[in-house]
Amino acid sequence: MWDRDQEGVLAARLKSMTLRQKIGQMTMAERLFASPEDVKQFALGAILCGGGSHPGSNSAADWVAMNDAFWQAAVDDTDSPGIPVLVGVDAVHGHGNLRGATVFPHNIGLGAVDDAGLVAEIARATAKEILASGLEWNFAPALSVVQNCRWGRTYESFGNDPGRAGRLGAAYAKALQEEGVIACLKHWVGDGGTWQGMDQGETTLPWEELEATHVAPYLAPLADGAMTLMASFNSWNGDKCHGHRFLITELLKEKLGFEGIVLSDWDGIDYLDKDYGAAIRKSVNAGLDMFMVPERWREFIEKLEAQVREGHVSMTRIDDAVSRILRVKLRYGLFDAPRPALRPGAGESNFPTAPHRDLARRAARQSQVLLKNERQTLPLKRSQRILVAGKNADNIGHQCGGWTVSWQGENGNDTIIGESIWQGIKALAPSAVLSENLDGADADPNHHDVAVVVIGETPYAEGHGDIRQGDHLFVEAGSMINGLMNPLEAYGQSLVLAERHPEDLACLERIAARGIPVVAVLISGRPLVTSREIAASAAFVASWLPGAEGRGVAETLLGIHEFSGRLPLPWPGPEQTDGVLADSAAEFPAGFGLQSNAKVVDRAAQVAYKMA
Ligand code: GLC
C-alpha cells in the first residue's frame, strides 16, 4: 500500500532529524496559539482550525493566506528540517468553518438516505471547498455507532447500525482522499456506546460486542487506505482509549496493519493522569503518534523530551510515530505539493456553487422521513392557503446544527448562505404566509387551509448536546473509569420534546384547536420522545439537521419529490425516555418511513411494524 521508494526517503529524513524536531512533528497546535514562526522553530507537524476557528474575515482567500504562511515557514529549511505542515479542520457536513461553504445534512440525515453514492458526492464537493481554503486534512468521517440517543453527538453518526456506518463512512473517506484531502476516521473506539449516552463517558462491553458494533465500521475504510485516525475520549471497560495499548498498538497497528497516524483528540491525553508528564508517557507508549494539544503544545514538547531523556519513552517509539507522520505526508504527496496559494482552485470564492447547493438540496430532500400522514394531508397543494409557523421555520442556523460557522452552531439567517424551510416553501408556494410571531397565534381557519409547523432542537455540539439528569451521573461515570472526566453542560434533562421545548406542542395544539390540520416538521439531531406532538399533528416529518438548503424539505412537503427517507435508528415510544435504542418499545422501528401517497417506503420495515 505504501510506495517502498518513499520508505527510503522517509528513513533518510528521519535520520537527519534531532529529537526535538521529531517531537515537533508529533505536535498539533491550534492556529490561534501558534504562529508561522513557531511552526518553523519547533518543526510543528500540524495545525488545526478548531470548531469556529477561522482567519480574517473568514473568506477562502483569508484561509489560503493563513495556510500559505504556515506552509512557507514550515518548508524553510534554514535551521529546520523543512518538513511541510499539515493543516486540518472539522468539515463534518461541508466545510462548516468557512463562511459561504455549502452546508450539507449532518450524517444522521444521510443515514436516513443510506446511499453510499450520495455520501461520496458530498465528500467530493466538500473536498473541493477544503482545497480552495488551502487545507489538506479533514477530521471526518465519524464512524460512530450511536446506542443511546441521549448522546449529544448522535447526529454525527449515520445511525445505530454498524454496517451502515462502515458502508457510508468508507464511501466518504475514499471519495475525500480521491479528491486530494486526507480523511480522519473517528473516534477510535466505541464513542457511540457510552453509558447513558454520556459524551466522553464509559463504554462497558465484552470484546466481542465492541468488535462487532464499534470496530467493524473501520475495517472497510482502513482497507481502502485511510491514512489517519483519531482516538476517542471515551473509555472501554474502565480504561481510557487515549492510553489503551491493546486498542491502538496491538489491535489497530499490529493486527489490522494500520501504517498511518493515530491522532489524539483535543487535549484527550489530559484525562489519563493529573500529572501531565505521566499522561504524555502513557499515551505515547500506548501508541498515539500525533497530539492535538491546541494551547499547551510547548509544554507537551518540553515534557515529552524529558520523558525520552529519562528513559520512560523509547527512541524506537518516537521513531515509529515520526515515521508514520512522514509516511502520510509522503504518501499524500505533500513534499511535492505547491504552496497553498498556488494550488488548483486556491482562494476560489464562488462558494457555495450552484451544483454544490443542488447536491445539498437533493440530500436534504432525500433525508426527510415521513412518520405520519393522516387524511392525505401531504403532499400539500400550492393552491392551498398555507400558514408556516414554529421557532425553526425561518432559521437556517437551527436547521444546520452544530459545527457550522461556529462550534456550537448559529441562530438566524445572517451567517450562512442558503434557504430556510420557510423560504423554500414560499419559493414553491408563493401564497404561503409566515406566522407573525412564529407561534401560530394568527392562525385562522377562514384564511388558512393547512399549517406547517417547524419545531425541535436548537444547535449544539459534543457534550453540550447530551441529555442528562443530575450531576451524580458524573460521579458514577467517573467512578467507572481510570482517569478523569470533563462533561460539558448538557442540552437538557429530558428526551421528551414537550418537556425540553414546551413551546412546540403549544404551537401545534394552538393551531390544531382552530380546526387547521398541522404538518409538524421536527428539526433535531436525534430521535426524541414526540408522542404528544405526533398526536396533535395530521402529518409528522423527521427532518433531522437538513443543512442550509431548506427548499429540499419544502420539495417533499409540496409533493415535488416523494418522501424516501427511512429511520436510521428506532424512534422512541412515550415510555422510552432513557434513550436506549430498541425496536421493541419504539414508536417506529429502524427502517420505517412512509410515502405521502400512503404507500410504504420499505415493506419489510412496515411488516415488522405490523402495518397490515
Ligand atoms: C473535538 C472533537 C473532535 C474534533 C476535534 C477538533 O473535541 O471530539 O471530533 O475533530 O475536537 O475540533
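Residues numbered from 1 in each chain as written. Predicted model: local features only at pLDDT ≥ 70, side-chain atom pairs only at ≥ 80, totals over all residues. Heavy atoms only, no water.

Sheet strands line up and pair through hydrogen bonds in the backbone, either parallel or antiparallel. If you trace the 3 strands from one edge of the open sheet to the other, you get β6-β8-β9, paired in mixed fashion. Of all strands in the sheet, those bounded by a partner on one side alone are β6 (202-203) and β9 (239-240). Direction of pairing for strand β8 (residues 235-236) relative to β9: antiparallel, over a ladder of 2 bridges. Note that in β9 the partner of Trp236 across the bridge is Asp239. (Pairing = 2+ DSSP bridges. Helix = DSSP H or I, 4+ residues; strand = E, 2+ residues; numbered from the N terminus.)

What follows concerns the packing of helix α7 (residues 162-178) against helix α8 (residues 207-223). The angle between the axes and the distance between the axes are what describe a pair of packed helices. The N-to-C vectors of α7 and α8 enclose an angle of 30 degrees; their axes lie 8 Å apart at closest approach. The orientation of α7 relative to α8 falls into the category roughly parallel. Here α7 and α8 pass one another in a crossing that is right-handed. Across the interface between the two elements, Pro162, Ala165, Gly166, Ala170 and Ala173 of α7 pack against Ala212, Thr213, Pro217, Ala220 and Pro221 of α8. Looking at side-chain class alone, the contact of α7 with α8 contains 8 nonpolar, 2 polar and no charged residues. (Axes fitted to C-alpha atoms, helices over the stretch in contact; angles between N-to-C directions. Parallel < 35°, antiparallel > 145°, perpendicular 65-115°, else oblique. Left-handed = near helix turned anticlockwise from the far one by under 90°. Contact = heavy atoms within 4.5 Å. Nonpolar A, V, L, I, M, F, W, Y, C, P; charged D, E, K, R; others polar.)

What you see with strand β1 (residues 27-30) is no split at all: Thr27 and Ala29 on one side and Met28 and Glu30 on the other are buried throughout. Both β1 and strand β11 (residues 291-292) contribute to a ladder of 2 bridges, which runs parallel. Bridge pairing links Thr27 to Phe291 in β11. One ladder, built from 3 bridges, connects β1 with strand β2 (residues 46-49); its direction is parallel. Bridged to Met28 within β2 is Ala46. Crossover connection from β1 via helix α3 (residues 36-42) to parallel β2: handedness right-handed. (Buried < 20%, exposed > 50% of the residue type's maximum accessible area, 1.4 Å probe, protein only. Right-handed = clockwise from strand over helix to strand, strands pointing away.)

A word on the confidence of the model for the chain. Put simply, the chain has an average pLDDT of 95, and 97% of its residues get 70 or more. Low pLDDT, under 50, characterises residues 605-612; the predicted model gives this stretch 18 contacts beyond four residues in sequence or across chains. (pLDDT = per-residue confidence, 0-100.)

Across all of its chains, the model carries 12 aromatic pairs by this definition. Where Trp188 meets Tyr218, the ring centres are 4.9 Å apart and the plane angle is 85 degrees; that geometry is what we call edge-to-face. Of this pair, Trp188 sits in strand β5 (residues 182-188) while Tyr218 sits in helix α8, and the two are 30 residues apart along the sequence. The residues Trp188 and Tyr218 share a single accessibility class, namely buried. What links up through ring pairs into an aromatic cluster is the set Tyr155, Tyr460 and Tyr491. (Phe/Tyr/Trp six-rings, centres within 6.5 Å; stacked < 30°, edge-to-face > 60°.)

All right, on to the site of the ligand then. Surrounding the ligand, one finds 13 residues, the nearest of these being Asp90, Arg153, Lys186, His187 and Asp265. Between the ligand and His187, the relevant distance is 2.7 Å, taken from an oxygen atom to a side-chain nitrogen or oxygen of the residue. One nitrogen or oxygen atom from the side chain of Glu462 is found 3.2 Å from an oxygen atom belonging to the ligand. Considering the ligand on its own, with 310 Å² of exposed area, one finds that the protein chains cover 96% of that surface. Across the shell around the ligand, the residue classes tally to 7 nonpolar, 1 polar and 5 charged. (Near = heavy atom within 4 Å. Polar contact = N/O pair within 3.5 Å; in protein donor to acceptor, adjacent residues only side chain to side chain. Areas by Shrake-Rupley, 256 points an atom, 1.4 Å probe, with all protein chains shown as cover.)

Per the stated rule, a full pass over the model turns up 40 salt bridges. Of the charged contacts in the structure, one is a salt bridge between Arg385 and Asp449, with a shortest N-O distance of 2.8 Å. Of the two residues, Arg385 is situated in the loop between β12 (369-373) and β13 (386-389) and Asp449 in the loop between β14 (433-434) and β15 (450-456); the sequence distance between them amounts to 64 residues. The exposure class of Arg385 is partly exposed, given its relative accessible area of 36%. Connected through salt bridges with shared partners, the residues Arg124, Lys128, Lys174, Glu178 and Glu179 form a single ionic network. (Salt bridge = Lys/Arg side-chain N within 4 Å of Asp/Glu carboxyl O.)

This brings us to the pairing of β5. Judged by how many residues are buried, β5 sits mostly within the fold: 7 of 7 residues are covered. In the classification by handedness, the crossover that spans strand β4 (residues 137-138), the intervening α7 and the parallel β5 is right-handed. In terms of strand pairing, β5 meets strand β7 (residues 228-231) through 3 bridges, oriented parallel. Residue pairing across strands places Trp188 opposite Ala231, the latter belonging to β7.

Let's shift gears to unusual backbone geometry. With omega at 10 degrees, the peptide bond leading from Ala140 into Pro141 counts as cis. Here the amide bond leading from Trp188 into Val189 is cis, since omega sits at 5 degrees, within 30 degrees of zero. Within the fold, Val189 resides in the loop between β5 and β6. With a phi close to 55 degrees, Asp114 is a non-glycine residue in the positive phi region.

Moving on, we come to the side chain of Lys253. Examined against the element boundaries, Lys253 turns out to sit in helix α9 (residues 245-255). Note on Lys253: relative accessible area 8%, which makes it buried. Separated by 2.6 Å, the side chain of Lys253 and the backbone oxygen of Gly287 make a polar contact. Contact partners of Lys253, with chain neighbours within four places excluded, come to Ile248, Phe258, Val262, Gly287, Asp289, Arg317, Asp320 and Arg324.

Attention shifts here to helix α15 (residues 421-428). Residues of α15 that are buried: Ile421, Trp422, Gly424, Ile425 and Leu428. Buried residues of α15, seen end-on, are gathered within an arc of 160 degrees and therefore sit on one face of the element. Looking at the buried side of α15, the elements it contacts are β13, α14 (396-400), β14, β15, β16 (518-523) and α20 (551-557). (Arc of directions from axis to C-beta.)

In the structure shown here, the tally under the stated rule is 0 disulfides. Cys184 provides the cysteine sulfur closest to Cys241, a residue in no disulfide bond, and the two sulfurs are 14 Å apart. According to the relative accessible area criterion, Cys241 is buried, its value standing at 1%. (Disulfide = S-S within 2.5 Å.)

The next point concerns the packing of α8 against α9. Between α8 and α9, the least distance of the axes is 13 Å, while the angle of their chain directions is 45 degrees. When the axes of α8 and α9 are compared, the pair comes out oblique. As for how α8 packs across α9, the hand of that crossing is right-handed. When α8 is examined against α9, the residues Trp207, Leu210, Glu211, Val215 and Leu222 are found in contact with a partner set consisting of Phe246, Leu247, Leu251, Leu252 and Lys255. Here the contact of α8 with α9 is composed, by residue class, of 8 nonpolar, no polar and 2 charged.

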